[in-house]
Amino acid sequence: MNYSRFLTAVSAARKPSPIRILTELQQRSPPSLISLAGGAPNPNTFPFQSATIQVKNGEAVVFDETTMKRALQYSGSYGIPELVSWMKELQRSLHNPPTANYSAETGQMEMCVTTGSQEGLCKVFEMLVNPGDNVLLDAPTYSGTLAALQPLGCNIINVPSDQYGMIPEGLRDILSRWDPSDARKPGSNLPRVLYTIPNGGNPTGASMTTERKQQVYELARKYDLLIIEDDPYYFLQFQKPWAPTFLSMDVDGRIIRTDSFSKILSSGLRIGFVTGPKPLVDRVVLHIQASTMHTSTFTQLMVSQLLHAWGQKGFLNHIDGVVEFYRAQRNAMLSSANKWLTGLAEWHAPAAGMFLWIRLKGVADTQQLIMEKALEKEVLLVPGGVFTINSSDPCPYVRAAFSLSSPEQIDEAFKRLSALIKEAQ
């Protein structure tokens, strides 16, 4: 693939940081190397000496003095090598990407660590989206995506979707405005980027079927699109086997995938990953070199030690426990919805994630209802308009999260919501 045609002028102009290159060279060098090159501070001057972090299974993550010095120091912009290699093996095991053994020029799978998947998304958008570009996504969608995309001055085209995610026929209809050969014409306004959350979409809870993913991927091949597969809820799928990913289908090297540990290990550690064709991941890393420089070495080492102690089997066992918790939470919310909201609202049971997307009957727009009246009833949900491309458009939906509240609190919240809807109708 010709990756250069997808890059913005800003991304194409990025050059490697000589200092960052030296940092990574030094980390791969033997201890006998004497380096006067780096501008790193001397860790002997830092006040922190060691740390022991207890894990719930009785094990511990231990930072002795040597490890602590490394944890508090600068590290490479791709991520610490042992964490990146562990994650590459996990990606191969879970997705078996066709690109794993490609050459770099033909889209070989590469990975980097980001400060949460949000950093990865922002940098991917900056790499690919010019002012005036047409960008495809299925709204309602994650408000953080809209917040990152809209200031770039692009034209966001909404692809129709339902409880099973993006509708391929709707995408086909939109793309039929162009000829596939337009992709090779300089100055063409044919979209080059498609964004979607394929599992447990935020806010809708929608999960795309395997058949739909295959059809969308074939359309991406036909029109030479890159697909941004934003999949923070991949590990929160309630049924096995887990759905095949776009990455697992990617014979061309046209998938850029973002993963997150926020929902399964910790949201505060800020650990995410970008997986995709090496020429594009390398560009993301150039941006990291010039901005955050790298994700916290401390949190990377902490997570890496845990994952190496667990192994893939231990990690997936942990995931099973997390999924079990959220499945029970979802079922409690569905039970309370049936009890209090039947006849007043409509919803679909989510197959993944942590959200229920609810359409209130007889309510044209939920913004005022939630921001004013709901607070009086002491119940809070997110009005659906914040997830739409034009947030001022009337929206009859609300998003309810089942992650934090107890089943008893969820039940009381829906009791209050039902009274609110009845008053508004």
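Structural data are supplied above this passage.
Predicted, not measured: the structure shown is a model, and the values here were computed from it. (Residues numbered from 1 in each chain as written. Predicted model: local features only at pLDDT ≥ 70, side-chain atom pairs only at ≥ 80, totals over all residues. Heavy atoms only, no water.)

## With respect to the overall build of the protein
Inference 1: Per the secondary structure count, the protein includes 13 helices and 15 strands.
Inference 2: Taking 22 Å as the expected radius of gyration for a compact globule of 425 residues, we find that the protein reaches 23 Å, a close match to that expectation.
Inference 3: Principal-axis analysis of the C-alpha atoms gives the protein an extent of 75 × 60 × 40 Å.
Inference 4: In the protein, buried positions account for 51% of the 425 residues.
Inference 5: In the protein, the share of contacts with a sequence separation of at least 24, taken over all contacts with a separation of at least 6, comes to 73%.
Inference 6: About 18900 Å² of surface is accessible on the protein, with carbon and sulfur atoms providing 53% of the total.
Inference 7: Here the protein contributes 39 positive and 39 negative side-chain charges, whose respective centroids are spaced 1 Å apart. (Helix = DSSP H or I, 4+ residues; strand = E, 2+ residues; numbered from the N terminus. Rg over C-alpha atoms; globule rule 2.2 N^0.38 Å. Buried < 20%, exposed > 50% of the residue type's maximum accessible area, 1.4 Å probe, protein only. Contact = heavy atoms within 4.5 Å. Areas by Shrake-Rupley, 256 points an atom, 1.4 Å probe, with all protein chains shown as cover. Lys, Arg positive; Asp, Glu negative; His and termini not counted. Charge placed at Lys NZ, Arg CZ, Asp CG, Glu CD.)

## Regarding the environment of P232
Inference 1: In this fold, P232 is placed in the loop between β9 (226-230) and α9 (246-249).
Inference 2: On the accessibility criterion, P232 (10% relative accessible area) is buried.
Inference 3: A sequence separation of 30 residues divides P232 from S262, and the C-alpha atoms of the two residues are 7.8 Å apart.
Inference 4: Beyond its immediate sequence surroundings of up to four residues, P232 is in contact with I197, T258, S260 and K263.

## Points about the nonpolar core
Inference 1: Ranked by size, the top nonpolar core spans 90 residues in total, and within it L128, F261, F315, L341, I358 and F414 carry the most contacts.
Inference 2: Top element by residues in this core is helix α11 (residues 297-340). It accounts for 14 residues.
Inference 3: Among all residues touching F414, those that are not within four sequence positions of it are M333, S336, A337, W340, L341, L356, I358 and A400.
Inference 4: The next biggest cluster of nonpolar side chains, apart from the first, holds 21 residues, and it includes L175, Y217, I227 and F246. (Core = buried A, V, L, I, M, F, W, Y, C linked by side-chain atoms within 4.5 Å.)

## Concerning the pairing of strand β8 (residues 193-196)
Regular strands show a simple pattern: their side chains alternate between the two faces of the sheet.
Inference 1: Side chains of β8 alternate between two faces, with V193 and Y195 and L194 and T196 buried alike.
Inference 2: Of the strand pairs in this sheet, strand β4 (residues 134-137) and β8 are connected by three bridges, and their pairing is parallel. Bridge pairing in β8 links L137 to Y195.
Inference 3: Sheet topology note: the β8/β9 ladder contains four bridges and is parallel. What sits directly across from L194, in β9, is I227.
Inference 4: This β-α-β element, β8 to helix α8 (residues 210-223) to β9, shows right-handed connectivity. (Pairing = 2+ DSSP bridges. Right-handed = clockwise from strand over helix to strand, strands pointing away.)

## A closer look at the side chain of Q329
Inference 1: By the secondary structure assignment, Q329 is in helix α11.
Inference 2: One polar contact links the side chain of Q329 to the main-chain carbonyl oxygen of S405, over a distance of 2.8 Å.
Inference 3: Those residues in contact with Q329 that lie beyond four places of it in its chain are F402, S403, S405, P407 and I410. (Polar contact = N/O pair within 3.5 Å; in protein donor to acceptor, adjacent residues only side chain to side chain.)

## So, unusual backbone geometry
Inference 1: That bond from A139 to P140 is cis: its omega, 0 degrees, falls within 30 degrees of zero.
Inference 2: Examined against the element boundaries, P140 turns out to sit in the loop between β4 and α6 (143-149).
Inference 3: Following N202, the chain continues to P203 via a peptide bond in cis, the omega torsion being 25 degrees.
Inference 4: Relative to the helices and strands, P203 resides in the loop between β8 and α8.
Inference 5: With a phi close to 55 degrees, D224 is a non-glycine residue in the positive phi region.
Inference 6: Structurally, the position occupied by D224 is in the loop between α8 and β9.
Inference 7: One non-glycine residue, E378, adopts positive backbone phi at about 60 degrees.
Inference 8: If you trace the backbone, E378 turns up in the loop between α12 (367-376) and β14 (382-383).

## Observations concerning the environment of S391
Inference 1: Note that S391 resides in the loop between β14 and β15 (397-401).
Inference 2: By relative accessible area, which is 49% here, S391 ends up partly exposed.

## Points about the sheet that holds strand β11 (residues 272-277)
Inference 1: Taken together, the seven strands give an open sheet; going across it, the order is β3-β11-β10-β9-β8-β4-β5, and neighbouring strands pair in mixed fashion. Among the strands making up the open sheet, the edge pair consists of β3 (109-114) and β5 (155-158). Neighbouring strand axes in the sheet, compared pairwise and without regard to direction, differ in orientation by 20 degrees on average.
Inference 2: As paired elements, β3 and β11 share six bridges and run antiparallel to each other. Across the sheet, the residue bridging to M109 is P277, located in β11.
Inference 3: The sheet strands contacting helix α5 (residues 116-128) are β3, β8, β9, β10 (255-260) and β11, and the helix crosses β10 at an angle near 160 degrees. (Axes fitted to C-alpha atoms, helices over the stretch in contact; angles between N-to-C directions.)

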